[in-house]
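Fold and geometry: a report
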Amino acid sequence: MTSRVWTNPIDEHLTAAGHTGYHLRQDSHYTVRVIHDGPDPQRHLDEYARLLRDLGYHATVEQPTDIRPLRLRVTHR
């Protein structure tokens, strides 16, 4: 069974690690998306993904589309 994922703990983990310049979107009870607002989003999203994976989350970088930016999809394993 998949566990629910909420924006508040994700935000707390990223902030505690010193990350800034991102925003979070709650897409469902089971999925949060992280979008980096500054320069070099790929590098930042990769850093966020490593941190969140170490904390037990499943984090996947999703490529941009015509209407959606490069983003990180976060769920529980």
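Remember, it's a predicted structure, so these values are computed and weren't measured experimentally. (Residues numbered from 1 in each chain as written. Predicted model: local features only at pLDDT ≥ 70, side-chain atom pairs only at ≥ 80, totals over all residues. Heavy atoms only, no water.)

**Section: the sheet that holds strand β3 (residues 57-62)**
Note the cut-off: Here the rule is simple: two strands pair whenever DSSP picks up at least two bridges between them. Helix and strand definitions here come from DSSP, where helices need a minimum of 4 consecutive H or I residues and strands a minimum of 2 consecutive E residues; each element is numbered from the N-terminal end. Only the stretch in contact is used when a helix axis is fitted, and all axes are lines through C-alpha atoms; the angle between N-to-C directions ranges over 0 to 180 degrees. For this analysis, residues touch if any pair of their heavy atoms sits within 4.5 Å.
Judged by pairing direction, the sheet is antiparallel, and its four strands sit side by side in the order β1-β2-β4-β3 without closing on themselves. Each edge of the open sheet is held by one strand with a lone partner, namely β1 (22-28) and β3. Averaged over all neighbouring strand pairs, the angle between strand axes comes to 25°, with direction disregarded. Bridging between strand β2 (residues 31-36) and strand β4 (residues 71-76) involves three bridges; their strand directions are antiparallel. Following the sheet pairing, arginine 33 is matched in β4 by arginine 73. The strands touched by helix α1 (residues 7-16) are β1, β2, β3 and β4; relative to β1, the strand with the most contacts, the crossing angle is about 155°.

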